[in-house]
Every structure is written in C-alpha cells, then in structure tokens.
Amino acid sequence: MTHSDGSQSALRRRLAELRGGPDVPPRPLDARALAALAANPGCRRRALLDGAGVDKAALAEALGAPAPFGQSQFAFARGNSFEAKVKADGGAELIRLLCASTGETPPEPGEVALPDLSADGPSGRTARTRLALAPSRAGDEAAAGTAEGGTAAEGGWALLFHPMLALDVAGSTAYLEPDAIAVHPDGSWTVAEIKSFPVLDGSADAAKVGAAARQAAVYALALEESGVTGEVREQALLVCPKDFSNLPTAHGIDIRKQRAATRRQLARLTRLEEIAAALPRETVFDPARPAPELISAVESVPAAYAPECLSTCELAFHCRDRARAAGAVESLGRSVRGELGGFTTIDAVLSAAGAPHTGGGDAAGAESGQDAGAGGNAGAGPGADTGHAGAGSGDPAAVALRRAARLRAEALGAGRTDSRVTPCR
Amino acid sequence: MSALARMEAAAAGLAQPRATVRHRRLAERPLVFVPLTTAGEAGAPLGAMAGTERESPVLLVVPQPRDRDLRFAFLARLAGVVLPHLESAQDEIEWEERKETDPETGKKETVQVELCVDAPQLIVPNGPGADFVRLLGRSMRFRRTAEEDPEGPYPAPPGVPLLGRWLTLYGERARVPGSSLLLSMTELLSRHWATGQSALEDQHLGALLAWIDPPEGLSGGEAALRAEVGRDSAGQLLCPPAGPATDPAFDNRLLAPAIDRFDARLPGAEDEVRELVASQLRPAWDAVWRGIDLLRTLPEGERVTERFKRDRWSYTAHRDRVRSGEPPQPRRDDAVTAAAKLAQREREQARLEAQEALDDPLVMAERRFAGEAFAGEVTAVEMAYSEGKRAMPRPLVTLSTDDRPHLGGGVKVHRALVEGARQSAEFVRYETEGDGDGDADAPRAGDGTGTGTGDATLVTLRLTSGMGRGKEPAPGTVPEKGERLCWTLFEHTPRGGPELPEVEDTPWTHGGPPAEPAPAGVPAPRGTTAPGAAPTAPPQPPLPDPVTSEDLL
Ligand code: SF4
C-alpha cells in the first residue's frame, strides 16, 4: 500500500474537493466506522464518503433522511464514569485485570509508565504514540515524553490511554483512538476495550462482544502497521461492568479471526482513486449544498444497500428509500436476495411467479420511471434485470417461483373458504 | 416462499398472510407488560406499564433510576401487580396419571399428579422486552428480604425475590419453541403476517402494525415509514420505540431535564417525569393490545392446546418447587441441565414445525414446496398383505401429485387421520402414466419447463400402520380412489420425547452429577412434586449478589 508522494497528495486534494473544499475539515474515521465498512466492503458509496471524511450524518440530514442514531446522555454519562473508574489510580486496576487474565505478575503500584501522548493534531499524537509504544527502544525520547516522572524502565509496563494510531484505508489515512493499549514488559502490546455493557454471570450480549472484538481487531491492525517493531497479542482485553454493579471485570477475547477478516476486507475495498475517478468532475458532498444537487452526487456513487445498513450507516434511510423505490429485493433482506437467484427486483419476481399484481404499490410506481430525478445506477439496474427475467421463463428459478405462487394461492384459497376441507389432514 | 409473501406485501402495500390459523395460544386475560430501561444502565428500569385491563394500565415510574430506594419501590409495586396474576392459576388443578419409578422398589408405577388447569400468560412488545423479563428475573431472584436476612444490607421488599423466580421461569420458557407463557408481540405478528419490509425492520412494533393494519388512506409502507421516523415539531418521535430502550432525543431533550428538576426537588417534578414516561409507554401499550385484536381474528390452530399443556406442566412444576422451599434457579445451568435444555429446544422445534404444518395448509404449502410433503389424489388402491406368520394388511396406494417430494428407496411418509391418529407408509415407486411397472429411478420426464400444473407424478406407497390390529384394515383407514391426501416426510411427533416435559423433571438442584447421594429419610411430597424428583435435603441457598453503593437494578 505504498504511494508515490505525488499520487498521495493528488488524492488528498481530490478528496478535499469532494468534501467541499479545503475549508471543510475531514471527519475522522473511527474504528467503529471501519469495522462497519469492513462488514459491507461492497459499498463504494460508503467507502468513498468515509474515506473522504464527509460528515455522513450531516449529509443524511441535508438529504432529508436523517440518521437514526444518537446517543442518550444517560448512556454517555454511564460510559464515561465507568471508563474513569477503570482507569483510576494510574491504571492500577486495568493492569491488575490484565494480569489476572494473562497470568502475569502485576507490577507494584507506581511502576506503570503513563506516557503523555498529547500533541497538536492527529499526526502529532500518532508520532507521540509511536514513541511510547517502544519505550525501551526509543530510550531518551520516550522518557522525555513521559508524564509525572513515571519513566518507562527498560522492560517495564506502560499504559497508553487514548493513544492515536494511523491506518491506511483504501488510499487515505484513518486516525484511530483505542481506549487503551498496554505495553508488557516483554515489549508486546495488548489492546484494551472498555465497554459499559454488563457481563452477567460470566456471559455478555454476543452481538456486543462481537462488535467490540471487531473494533479491537481494527486497532490491532493499525498497531501492526504502525511502523514500530513489536508484537500485538492475540487476545484483546475486554473490560465491562460485572453483573449489576459498577465493578469492572475483564475477559481476554481472541481477535485473530476478526483481524484476518478485517484485513482481508479492507484490502478488498476498492481504491478510492478509482471510485473518485469515475465521478463527474464537479461532484461535491458538502452538506451545505442544495438537496437535489446532493442527491444526484450521492446517487452517482454505486451503493450496496442491505437492511443491516440501518444499524451501521448514517445514510441508511436515504439508501433504503432508493432501494425501495427501485423495488430492489435487497430491501427485504439479504436472505431474501439469496433465495432468488438471478432476480433483483420485486416486480421481476412477481411477474415471473405469475402472481396477481395486487395493486399500484411502491414498486410499480418506481418501475415506470417516476423518479427520473434520481438518475444513477439504482434506477438503471432494475429495468435491465426485468428484461432478463422475462426472457428466462424456463429458467429453474422462475419455475420454482411459479410453483411457490401456485402452492401459496391454493393454500390460501383452502384456508379462506372452508378450513374443514383443507387438503392436508 | 416467505420471501414471495414479502414481495407480494411490498407490491400490495399491505401485509400478506403467512398463516391461516393462530399458532400460539392467546389467553383470555393476558397480562401485558411494557418495560422501559435507562440507556446504558445495564437494564435499570425507568418505568413500566402493566396490567390485564386494556383501559386501565398500571403505570410504574422510577423518577431517578440511579436511586436504589426508588428502584426497590418500583420492583415492589411491580410484584404487587404481576405476582397475583402469575400465581392466579396455582390452585385450580386437575389430576393426571403418569408413570413414575418408585425410589425404593425401582418398580414403575402409575401415580396421580396435579396439573394446573391454566397457566397465566405474559405479553411484551418485542424480543428485547422478553430479554428484559429474563434480566429482571435474574436481578431479583437472589435478593434477600429483611425477613430472610435481617442482617443484610439493602433488604429487598417482600415479593421481589419471588417475582424474580417467576420471571426467570417465564424468561427461560420463552426460549422453548412453541411455548406461550411469555410472548413477544413482534414475534407473534411476524409469525402470522409477511410485511413488505425486512425481518430486521419487523422488530419495530409500530412499523409492523402499520403494514398489517395501516390507517385509512396510507399504504403499509408509508404508514411504517411514518411510524419509524416521523417526528413532531419538537423533534420527538410520533411513534416512540416500544421499549425497553428509549429514543435518545427523548432522553436528552425531555427526560434528562425533568430528572434534573426531580433531583433538585422542584415541586411537580415527579409528576412531570411520570407523564413523560407514560407518554412513551402508552403508544406501545396500545400497540400490543391492537396486536392482540388482530391475532384474535385468526382461529387457534388445532394442536396449540397440546403444546400449551406442556406450558402447564412447566408452570405446575415451578409452583411445586416454590412451595417445597427449593432455592431459586442457579445463576448458570450445570452441564447436564444445559444439555437437557438444548435437547428439549431442538425437540420442541421439530414438534412445532410439524404441528404448524399439520394445522395450517399455508405452512404445509411451504413444506410441500421444500419437498418435505406432498398432496395428491388417490388414483388406485391395491390390497396386499405382508408375508410371514401373521399376514398383516399392507395395501398399495397410488396417488397423483404435482408436488416434488424428495422420495427415494425406503423413505417413510406420514399422514394424520381423524382424532389425532396417524398412519405411516413407505415409498414404493414412481409410476409413469399407463405403465404399471414403472421403475423408481425415473420419477418424471419433465425438464422443469412445464407450467407447473400439467406435470403430475404418480407415487405408489405401501401403508404400514394406522389400520388397526386386525387381519383386515379397520374401516375408513385405507383411503379410497378419488380421495385427496397429504403426506409428510417428517414425523408428526419428534422421536425420543415422551408426552411430558423432561427438563422440568430435573429439579435445579439435581442437575449435576450425582456426587452427593440424597440423604435418606426425607419424605418427598408425593403427588405434588415434579415427577421424577427424588427426595433431597434442601441444599444451601445460593449467596445473594454482592451489593455495593453503586449497584444498578
Ligand atoms: S447505507 Fe448506503 S452508503 Fe451506507 S453502507 Fe448502506 S448502501 Fe452504503
């Protein structure tokens, strides 16, 4: 993933243009966004907008389809107070939890270095972090950056709270801020994630643990590519409140799989240069622009909508509207799409099934091209597919659909007229 | 096929049926429970609406969710509302016979045991609501009241630990497929209707109802969108989420300032919080009752009663355990109980799938589509007998079907006869029309290009059971030419399961390996215990959760 300086800065300039000019600051990509990006690597729209640092929430608002996200201040307060508790006493509790999980001997209080990582701007903070990651090797420099006299002794413990890591994503740099990284005496690192969902009787919500593991994996990747020689431990430390209390408990979670998957998927992301090159020169995603202009800008980048987007992407309501207007089967769920082989639109499926069209629904309206203003690929796709499906009436998928429709109609007829003569008794 | 139903719904702008009968029991008087939690607080309750009367829900509110005393007051009042309902069916019983092994003689003998005639029902709005019931149960059942433990800090109000045990039972039982003790409305509705949106979006009760029963002048899709994202001029959702989580905009703009005013002891602040919480609960409360109305329009499936009997067994066993002074359910199942529960769920899943298909032609249609069942008209019956000492009737029945079952040598098929009887048969061969000796390897000549109605197949089966014990089949047990039959490739009753629950047979305290033999001489309360329960000394009660000044819940 190396670039010549020329193409790098050209890309950076191009992305700034897309964002609305050099005055619009890029929105930093966080690990949550990256993990979500890796979960839907097929979506170029998201890759480009995230890569260019467009504020997607503001964009969604400007498009008239605001994001469903928002954080309750209660959750926020709870998260902060828990994190503060875990980090209290110079990280003594965190180190104790870590050692309990790895079997290492905890250091005496005060023997854990807490390097100061503050600096101006993300690249400064990244540089500071890099130094702190190798305290023994960086020698004097690291010591100079160490706060409160807690000089990292050769082979000592160090805790990096809110360090900053840089990761190259599809040709642009993402800055990431893990909750904490521990440097072990042997020089290896553990990524620590502090979450405020509880571990109840030793088990926690699997979906949330999974999300935390994917985030930790993103940090681990960024550590590997930080340019500092060192080894990231295979287990990340997940710190959560225990049962119904505010007391922390910690579990090592193996992130090897997530790391491999994320690496693979990030590599699969289409390079931003390519996506950007396919756009009209004047495309801009500045939320300050008028809505119609923004809509056509957004629609000029192909998307890959699925209902899962609703919980991971700020643009979901917009993309969902488009997918529904186009009658795309994906809007009904990925599994639905999987069951249907080659069909991509609801209309195509229903006409192949020979099902009676029950009335002028949304899909029918979209097919007649009423949303010409949208332009874009979402509109072009279905037309072509409908043609294909119509030609292939002998195709096994169409035959199966007709059977399904016939069986369904038969059963509904039986069920509706007189349940006593149902054929299946 | 359910994908097809979703597409029909999307095109029609209205939900389409996925069932023609109701596959779950709806009690005459269910208790509807709509809980709300505080965001990020590990399930600290913020309030709830509960009750059996649609017009007069009981509103319970915790004006400051971080205050332990207020939380306990909430739980105490919740116990006041919910416990009487859950305990209401304990005393009306009938007698059932079952086989039990006498612990002394080791002989099997028939004993009379009590079975509660009814088991009260709880209905929550959605899946997370059911999870919250489980969480509440967990948080309460290890509490100690002042009476149980006069020394302990922060004693729980009376009734709270007991409610915790009941809610744990209901929460656990909800994981058993086909159970109707604790139901979530979104699951109920999406079992019976297919909407024009994804399963993920169906978890929003307001949107789901909008598809099934849209208001005048709106299509299902439009109404669902309004339910999901519509906001008033103050930025509040028109249709607040059905809990347990609240909308962040509500928390930040309305609730947090009101709670601050309550903390500052401003007059009227408590009422203000109550009203705010009620404003979020009431729409979900009404939505659940609307859902109940919609479900009542479907007639109950025939085999629902049989499944409900299992719920009654479970309810009765729990009652007995509480009465005999057993400790609350453990924090974690031991390996044996966990394995038993898993096996039970798998078995009940198979039973549920079979029974739903038998009760409902639309569900059967899905199985037929999948090649797991087939229907057709009898074209020929040929009497035949088994060889051997005692010749038994083994008639050959040929039927013509448009379905494409996955039949092959030796495959067994089943059909339901009147009054719960069953008949089995085995696949013999496919016939080609006009060729009596058709061979089993050539099912059909069609290449799948037919229109789906003209390519009937002739299937010959040999009936193997369900004809009585005589040398000649009992009257009416052998189908006649022209009769329409439906055969399934799956069994109607999953194998290995007696007609009674088993997990409940193992008291919680007995799940582990039998390391400590039960001390002899402790009489078991015969006739009222869960069947199979051997006498034991009451084990050490589990320790309560450690309490700290910062606990939630
Ligand atoms: S919501 Fe739209 S932009 Fe976001 S990931 Fe989904 S398809 Fe891509």
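Treat the numbers as computed from the prediction; the structure is a model and nothing was measured.

Participant: Can you walk me through the overall build of chain A in this structure?
Facilitator: Helix and strand counts for chain A stand at 18 helices and eight strands. Considering only contacts in chain A between residues 6 or more positions apart, those separated by 24 or more positions represent 68%. Total accessible area computed for chain A in this model is approximately 18600 Å², and 53% of it derives from carbon and sulfur atoms.

Participant: How should I be thinking about the overall build of chain B in this particular structure?
Facilitator: A count of helices and strands for chain B gives 12 helices and 15 strands. Considering chain B as a whole, with its 553 residues, one finds that 54% of them fall into the buried category. Residue pairs in contact within chain B that sit at least 24 positions apart in sequence constitute 72% of those at least 6 positions apart. Summed over all atoms, the accessible surface of chain B reaches about 24000 Å², with 52% contributed by carbon and sulfur.

Participant: How should the confidence of the model for chain A be read in this particular structure?
Facilitator: Low-pLDDT stretches of the model should not have their predicted coordinates read in fine detail. Residue and element names in this part refer to chain A. Mean pLDDT over chain A: 78, with 80% of residues reaching 70 or higher. This model gives residues 137–153 a pLDDT under 50, and the stretch forms 22 contacts once residues within four places in sequence are excluded. Confidence over residues 416–425 falls short of pLDDT 50; this stretch has 18 contacts with residues more than four positions distant or in other chains.

Participant: Looking at this structure, I do not really get the environment of Ala304 of chain A. What am I missing?
Facilitator: Residues and elements named next belong to chain A. Residue position: Ala304 is located in the loop between helix 12 (291–299) and helix 13 (316–325). Since its relative accessible area comes to 28%, Ala304 is described here as partly exposed. In the structure, Ala304 is positioned 26 residues away from Glu330 in sequence and 8.7 Å away in space, judged by C-alpha atoms. Those residues in contact with Ala304 that lie beyond four places of it in its chain are Asn40, Gly42, Cys43 and Cys309.

Participant: Just checking my understanding: could you explain the layout of surface pockets for this structure?
Facilitator: Empty space among the atoms can be located by rolling a probe the size of a water molecule over them. Reported here for the second largest pocket is a volume of approximately 830 Å³. Broken down by secondary-structure element, the contributors of at least two residues to the lining of the second largest pocket are helix 14 (334–339) of chain A together with helix 1 (2–12), helix 3 (127–141), strand 8 (182–184), helix 5 (185–192) and helix 11 (335–359) of chain B. Looking at the lining of the second largest pocket residue by residue, the classes come out as 16 nonpolar, 12 polar and 12 charged.

Participant: Could you clarify how one ought to interpret the site of the ligand in this entry?
Facilitator: All names here are of chain A. The immediate surroundings of the ligand are formed by Asn40, Cys43, Arg45, Arg46, Ala303, Ala304, Tyr305, Cys309, Cys313, Leu315, Ala316 and Cys319. Breaking the shell around the ligand down by element, the ones donating at least two residues are helix 3 (44–51) and helix 13. Among the residues forming the shell around the ligand, the class breakdown is nine nonpolar, one polar and two charged.

Participant: Help me understand the sheet that holds strand 7 (residues 122–124) of chain B in this model?
Facilitator: All names here are of chain B. The strand order across the open sheet built from five strands is 4-3-2-7-8, with neighbouring strands paired in mixed fashion. Either end of the sheet is taken by a strand with one partner, and the two such strands are strand 4 (58–61) and strand 8. Looking at each pair of strands side by side, their axes are set apart by 20° on average, direction ignored. Examined bridge by bridge, strand 7 and strand 8 share three bridges and lie parallel to one another. Along strand 8, the bridge assignment pairs Val124 with Ser184. Sheet strands in contact with helix 2 (residues 68–86) are strand 2 (31–37), strand 3 (45–51), strand 4 and strand 7, and its direction is about 155° off that of strand 4. The strands touched by helix 3 are strand 2, strand 3, strand 7 and strand 8; relative to strand 2, the strand with the most contacts, the crossing angle is about 85°.

Participant: Looking at this structure, I do not really get helix 11 of chain B. What am I missing?
Facilitator: Because each turn of an α-helix spans 3.6 residues, side chains separated by three or four positions end up pointing in the same direction. An ideal rise of 1.5 Å per residue puts 36 Å on 25 residues; helix 11 of chain B measures up with 36 Å between its terminal C-alpha atoms. A side-chain oxygen of the first residue of helix 11 of chain B lies 3.0 Å from the backbone nitrogen of Val336 of chain B; this N-cap is Asp334 of chain B.

Participant: Just checking my understanding: could you explain the nonpolar core for this structure?
Facilitator: Nonpolar side chains in soluble globular proteins tend to be buried together. If you look at the biggest cluster of nonpolar residues, it comprises 74 residues, and the most contacted ones within it are Leu34, Leu48 and Phe285 of chain A. Broken down by element, the residue count for this core peaks at nine residues, all from helix 9 (residues 206–224) of chain A. If sequence neighbours within four positions are ignored, Leu48 of chain A has contacts with Leu15, Leu18, Leu272, Ile275, Ala276, Leu279, Phe285 and Val301 of chain A. Judged by nonpolar contacts, the second largest core, of 47 residues, contains Leu46, Met49, Phe250 and Ala278 of chain B.

Participant: Hey, could you run me through the domain arrangement of chain B in this one?
Facilitator: The parts lose accessible area when they come together, and the size of an interface is often stated as this lost area. As assigned here, chain B comprises domain 1 (2–356) and domain 2 (370–488). A C-alpha centroid distance of 45 Å is found between domain 1 of chain B and domain 2 of chain B.

Participant: Just checking my understanding: could you explain the packing of aromatic side chains for this structure?
Facilitator: All names here are of chain B. One pass over the structure, following the stated rule, counts three aromatic pairs over all chains. An angle of 35° between the planes, with centres 5.2 Å apart, marks the rings of Trp166 and Tyr315 as tilted. With Trp166 in helix 4 (residues 160–173) and Tyr315 in helix 10 (residues 304–323), this residue pair connects regions lying 149 residues apart in the sequence. Each member of the pair, Trp166 as well as Tyr315, carries the same accessibility label: buried. In this structure, Arg25 packs its charged tip against the face of Phe308, placed 3.8 Å from the ring centre. The positively charged end of Arg331 is found above the aromatic ring belonging to Phe142, 4.1 Å away from the centroid.

Participant: So what exactly am I meant to see when it comes to helix 13 of chain A here?
Facilitator: Taken across its 10 residues, helix 13 of chain A has seven buried, putting it largely inside the fold. For helix 13 of chain A, the elements touching its buried residues are helix 3 and helix 12 of chain A together with helix 7 (220–229) of chain B. Once helix 13 of chain A finishes, Gly327 of chain A follows within two positions and takes phi at roughly 70°, a positive value.

Participant: Help me understand the pairing of strand 10 (residues 373–382) of chain B in this model?
Facilitator: Regular strands place their side chains on alternate faces of the sheet. Note that strand 10 of chain B and strand 15 (residues 484–488) of chain B share five bridges and pair antiparallel. Residue pairing in the sheet places Ala373 of chain B in a bridge with Thr488 of chain B of strand 15 of chain B.

Participant: Is there a simple way to think about the pattern of salt bridges in this case?
Facilitator: Side-chain pairs of opposite charge can arise where the charged atoms are in close proximity. A complete count under the given rule lists 57 salt bridges over all chains for this structure. Where Asp118 of chain B meets Arg25 of chain B, a salt bridge forms, and the shortest distance between an N and an O atom there is 3.2 Å. Placement of Asp118 of chain B in the loop between strand 6 (108–116) and strand 7 and of Arg25 of chain B in the loop between strand 1 (16–17) and strand 2 is noted, with a sequence separation of 93 residues between them. A relative accessible area of 16% means that Arg25 of chain B is categorised as buried. With a shortest N-O distance of 2.9 Å, Glu172 of chain B and Arg175 of chain B are connected by a salt bridge. Three or more residues are tied together by salt bridges with common partners; here these are Asp201, Lys242 and Asp243 of chain A together with Arg138 and Arg331 of chain B.

Participant: I keep staring at unusual backbone geometry and nothing clicks. Help me out?
Facilitator: Residues other than glycine predominantly adopt negative phi, and peptide bonds predominantly adopt the trans conformation. In this structure, the amide linkage connecting Gly243 of chain B to the following residue, Pro244 of chain B, adopts the cis form with an omega of -10°. With respect to the helices and strands, Pro244 of chain B occurs in the loop between helix 7 and helix 8 (248–263). For Asp89 of chain A, which is not glycine, the phi torsion reads 55° and is therefore positive. Given the relative accessible area of 70%, Asp89 of chain A is considered exposed.

So, how was this worked out
The residue numbers shown here count from 1 along each chain, following its written sequence. As they are written, the chains are lettered A onward and the ligands numbered 1 onward, keeping that order. Reporting in this predicted model follows two pLDDT cut-offs: at least 70 for local features of residues, and 80 or more for side-chain atom pairs to be given and counted; totals over whole chains, interfaces and linings ignore these cut-offs and use all residues. To obtain the side-chain values, all non-hydrogen atoms of the structure were included, while hydrogens and water were left out. Secondary structure elements are defined from DSSP: runs of H or I of at least 4 residues count as helices, runs of E of at least 2 residues count as strands, and each element is numbered from the N terminus. Whether two residues are in contact is decided by their heavy atoms: any pair within 4.5 Å suffices. Throughout, the Shrake-Rupley method with a 1.4 Å probe supplies accessible areas, and for residues the shown protein chains are the sole cover considered. Between buried and exposed lies partly exposed: a residue is buried under 20% and exposed over 50% of the maximum accessible area for its type, with that area taken using a 1.4 Å probe on protein chains only. In predicted models, pLDDT denotes the confidence assigned by the predictor to each residue on a 0 to 100 scale. Site definitions follow a grid-based scheme: protein atoms alone, a 1 Å grid, a 1.4 Å probe that fits but cannot get out for cavities, and for pockets an open set with protein on both sides within 12 Å along at least five of seven lines, plus lining residues having an atom within 4 Å of a point. Grid points are joined across faces, edges and corners, and a volume is the space filled by probe spheres set on the points. Throughout this entry, Asp, Glu, Lys and Arg are counted as charged residues, while Ala, Val, Leu, Ile, Met, Phe, Trp, Tyr, Cys and Pro are counted as nonpolar. The remaining residues, Gly among them, count as polar. Whether a residue is near a molecule or strand depends on its heavy atoms: if one lies within 4 Å, it is near. A pair of strands counts as paired when DSSP detects no fewer than two bridges linking them. Helix axes use the C-alpha atoms of the stretch in contact, all axes being lines fitted to C-alpha atoms, and the angles between their N-to-C directions lie in the range 0 to 180 degrees. Here the expected length of a helix is defined as 1.5 Å per residue gap, with one fewer gap than residues. Contacts described as polar in this section are N or O atom pairs within 3.5 Å, which, within protein, must combine one atom able to donate a hydrogen with one able to accept it, while residues neighboring in sequence count only if both atoms come from side chains. Take the buried residues of types Ala, Val, Leu, Ile, Met, Phe, Trp, Tyr and Cys, join any two whose side-chain atoms come within 4.5 Å, and each joined set is a nonpolar core. Segment limits for the domains were obtained from an automatic or database-derived domain assignment. Planes of paired rings set the category: under 30 degrees apart is stacked, over 60 is edge-to-face and the rest tilted, where pairs are Phe, Tyr or Trp rings (Trp by its six-membered ring) whose centres lie within 6.5 Å. For a Lys NZ or an Arg CZ to count as sitting over a ring, it must be within 6 Å of the ring centre and within 35 degrees of the ring normal. Any carboxyl oxygen of Asp or Glu that lies within 4 Å of a side-chain nitrogen of Lys or Arg is treated as forming a salt bridge with it.

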